[in-house]
Amino acid sequence: MTTHDGDGATTDGVDWDAEAAGFDEEPDHGLRDPRVRAAWAERLRTWLPGRPGDVLDLGCGTGSLSLLAAEQGHRVTGVDRSPAMVALAREKLAGRDAVFLTGDATAPPVGEERYDAVLVRHVLWTLPDPDRALRHWRDLLRPGGRLVLVEGVWGTVSPVGIPADRLTALLAPLAGRVSVEPLSGDPVLWGREVDDERYAVVAVPD
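Anyway, here's the lowdown on the structure attached to this text. (Residues numbered from 1 in each chain as written. Predicted model: local features only at pLDDT ≥ 70, side-chain atom pairs only at ≥ 80, totals over all residues. Heavy atoms only, no water.)

## So, the packing of aromatic side chains
Moving on, step 1. All chains considered together, the criterion is met by three aromatic pairs.
Moving on, step 2. Taking the centre distance of 5.4 Å and the plane angle of 85° together, the rings of W40 and W190 count as edge-to-face. On the criterion of sequence distance, the pair formed by W40 in helix α3 (residues 34–47) and W190 in helix α8 (residues 187–190) is long-range, its members being 150 residues apart. A single burial state applies to W40 and to W190, both of which are buried.
Moving on, step 3. Taking the centre distance of 5.5 Å and the plane angle of 50° together, the rings of W125 and W154 count as tilted. With a gap of 29 residues between them, W125 in the loop between β6 (115–121) and α6 (130–139) and W154 in strand β7 (residues 141–154) connect regions that are remote in the sequence. No difference in accessibility class separates W125 from W154, as the two residues are buried.
Moving on, step 4. Aromatic ring contacts, followed pair by pair, group W40, W47 and W190 into a single cluster.
Moving on, step 5. Over the aromatic face of W40 sits the side chain of R121, whose NZ or CZ is 4.8 Å from the ring centroid.
Moving on, step 6. For the cation-ring pair, R198 lies above W190, with the distance from its terminal atom to the ring centre recorded as 4.6 Å. (Phe/Tyr/Trp six-rings, centres within 6.5 Å; stacked < 30°, edge-to-face > 60°. Helix = DSSP H or I, 4+ residues; strand = E, 2+ residues; numbered from the N terminus. Buried < 20%, exposed > 50% of the residue type's maximum accessible area, 1.4 Å probe, protein only. Lys NZ or Arg CZ within 6 Å of the ring centre and 35° of its normal.)

Encoded structure:
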C-alpha cells in the first residue's frame with residue numbers, strides 16, 4: 001500500500017524514507033514482473049485520458065505508475081512527502097517528460113497549474129479529512145479532467161481503508177460522472193490472490 005503521505009515522511013508509524021529502498025519489492029509497487037506491469041498499464045490506459053495530457057500523480061512513491069503514464073505519452077508531475085521516494089522516482093523516470101516534487105498530497109506544491117487527470121493510489125484512506133482533499137484535487141483539474149483513485153480496504157481482524165461506497169458518497173457532490181471498477185478479482189494486478197476490497201474510481205466533475 002502506498003501509505004507514505006502524511007506528516008513528514010512518516011505515516012501510520014512507518015518511516016517511508018527508510019522503506020524506500022525496498023518499496024519496489026512488492027509486486028504492485030515495483031511492477032517488475034512483466035505480467036503485473038502489463039496489467040497495470042492496461043488499466044491505466046482505460047482510466048487516464050485517451051489523448052496525451054498532463055497527469056498529477058499524488059503520493060507517487062517510487063514513480064511506478066508515473067512511468068506507465070509517461071510511457072503512454074502523458075506529461076507527469078509526481079508529488080510525495082518522502083524525499084527518498086522522490087529521488088527514486090526521478091531516477092526511474094530519468095529522460096522522461098516528468099517532474100517530481102517533495103510535498104503534501106493534500107496541498108501539492110504546483111501553484112496555479114491544472115491537470116487533465118489527478119491520479120492517487122492508496123493515499124486517500126490515510127488522510128484525516130478525505131473530503132477536503134477530494135475538493136482540492138477537483139480544483140486542480142482542467143475542464144473535462146478526471147480524478148483516478150485506486151483504493152481499498154485491507155485486513156480482516158482490524159481492517160483499514162476506505163470502502164467504495166463511502167468514497168462514491170464523498171464524490172457525489174463533486175462529480176457528475178463516477179464509475180467504480182472492482183480490482184480484487186484480478187490477481188495479476190497484485191502478484192497474488194487477494195480476498196479484500198480493492199477498486200478504482202474514475203470521477204469526472206461537472
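## Side note on the packing of α6 against helix α7 (residues 164–171)
Moving on, step 1. Where α6 contacts α7, the axes come no closer than 10 Å and their chain directions differ by 55°. It follows from the interaxial angle that α6 and α7 lie oblique. Here α6 and α7 pass one another in a crossing that is right-handed. Contacts between α6 and α7 involve P130, D131 and L134 from the first element and R166, L167, L170 and L171 from the second.
Moving on, step 2. Taken together, the residues of the contact of α6 with α7 sort by class into five nonpolar, no polar and two charged. (Axes fitted to C-alpha atoms, helices over the stretch in contact; angles between N-to-C directions. Parallel < 35°, antiparallel > 145°, perpendicular 65-115°, else oblique. Left-handed = near helix turned anticlockwise from the far one by under 90°. Contact = heavy atoms within 4.5 Å. Nonpolar A, V, L, I, M, F, W, Y, C, P; charged D, E, K, R; others polar.)

## Observations regarding the pattern of salt bridges
Moving on, step 1. A full pass over the atoms with the stated rule returns 13 salt bridges.
Moving on, step 2. Of the charged contacts in the structure, one is a salt bridge between E71 and R37, with a shortest N-O distance of 2.5 Å. Of the two residues, E71 sits in helix α4 (residues 64–71) while R37 sits in helix α3, which places them 34 residues apart along the sequence.
Moving on, step 3. Accessibility expressed as a relative area gives 37% for E71, which makes it partly exposed.
Moving on, step 4. For R37, a relative accessible area of 26% gives the class partly exposed.
Moving on, step 5. A salt bridge links R96 to E71; its shortest N-O distance comes to 3.8 Å. Taken together, the positions of R96 in the loop between α5 (83–92) and β5 (98–102) and E71 in helix α4 put the pair 25 residues apart, joining distant regions of the chain.
Moving on, step 6. Through salt bridges with shared partners, a single ionic network connects D54, R75, D116 and R142. (Salt bridge = Lys/Arg side-chain N within 4 Å of Asp/Glu carboxyl O.)

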